[in-house]
Amino acid sequence: LYAVHFRQHWQRDIGRLNRISPPHPVLNAALLLTLAVGSFWGTRVAGGPDASGYVSEAALFARGELTAPLPPWVEGAPWTNPAFTAAPVGYRPAHETNRLAPTYSPGLPLMMALFQLVAGPGAVFYVLPVVGALAVWATWLIGKSLAGAWTGVIAALLLATSPAFLIMLVRPVSDVAATALWALS
């Protein structure tokens, strides 16, 4: 609206931003905002089917295992294919064994497993704030390379304050990690 209403002045006004020192304090604020929101308001419970699948798969990997045992009641179940009944969301019975195999992609669970090995089981919930900040930083790099530092900062701020991004930032699911890694690549 500004560019349409003040058509003759907008290029001169926007050009003034380029003379301001690099916008690193604004970028740092966006990064800290992302870390704070993810850390302070992030869930500490794998309360949904996807979150449970990712966190439990991370626990398997942290123990050095690729599959989980079936519960003992499966042996005596009177119906066909009781192993499928015992499999939670994100798992399925492994072929011709008495084990459950995870079905979710291993990327986020491997990152979570690394955090768990370094700082304990609760550390899996800090992966998302870290990769969220990485996504904001990568967005800044993309914007900076396309049209300058201020474009990168504006893009980073838009991502860091996006409701969709913030909702996914506080849940242990793969959306933010995928965003960060794609943006970084």
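The structure presented is a predicted model; accordingly, all values stated were derived computationally and were not measured.

*Asks:* I keep staring at the nonpolar core and nothing clicks. Help me out?
*Replies:* The nonpolar side chains of soluble globular proteins are, as a tendency, buried together. Among the nonpolar cores identified, the biggest contains 31 residues, and Leu108, Met112, Leu128, Val131, Val136, Phe165 and Val176 are the most heavily contacted of them. Elements represented by at least two residues in this core include exactly helix 3 (24–40), helix 4 (49–62), helix 6 (107–119), helix 7 (127–147), helix 8 (149–160), helix 9 (163–169) and helix 10 (175–184). When near neighbours in sequence (up to four residues on either side) are disregarded, Met112 contacts Tyr54, Val55, Ala58, Val124, Val127, Leu128 and Pro172. If you look at the next biggest cluster of nonpolar residues, it comprises nine residues, including Ala83, Ala86, Tyr91 and Leu100.

*Asks:* In this structure, what is going on with the pattern of salt bridges? I would like to understand it.
*Replies:* Pairs can form between side chains of opposite charge once their charged atoms are near each other. The tally for this structure, following the rule as stated, stands at one salt bridge. Salt-bridge contacts for Glu65 lead to Arg63; the nearest nitrogen and oxygen are separated by 3.6 Å. Under the relative-accessibility criterion, Glu65 is labelled partly exposed at 29%.

*Asks:* Hey, could you run me through the packing of helix 7 against helix 10 in this one?
*Replies:* The geometry of a pair of packed helices is captured by two quantities: the angle between their axes and the separation between those axes. For the pair helix 7 and helix 10, interaxial distance at closest approach is 8 Å and the crossing angle is 35 degrees. Seen along the crossing, helix 7 lies across helix 10 with a hand that is left-handed. For the pair helix 7 and helix 10, the contacting residues are Leu128, Val131, Gly132, Leu134, Ala135, Trp137, Ala138 and Ile142 in the first and Val176, Ala177, Thr179, Ala180, Ala183 and Leu184 in the second. When grouped by side-chain class, the residues that make up the contact of helix 7 with helix 10 number twelve nonpolar, two polar and no charged.

The rules behind each value
Residues numbered from 1 in each chain as written. Predicted model: local features only at pLDDT ≥ 70, side-chain atom pairs only at ≥ 80, totals over all residues. Heavy atoms only, no water. Core = buried A, V, L, I, M, F, W, Y, C linked by side-chain atoms within 4.5 Å. Buried < 20%, exposed > 50% of the residue type's maximum accessible area, 1.4 Å probe, protein only. Helix = DSSP H or I, 4+ residues; strand = E, 2+ residues; numbered from the N terminus. Contact = heavy atoms within 4.5 Å. Salt bridge = Lys/Arg side-chain N within 4 Å of Asp/Glu carboxyl O. Axes fitted to C-alpha atoms, helices over the stretch in contact; angles between N-to-C directions. Left-handed = near helix turned anticlockwise from the far one by under 90°. Nonpolar A, V, L, I, M, F, W, Y, C, P; charged D, E, K, R; others polar.

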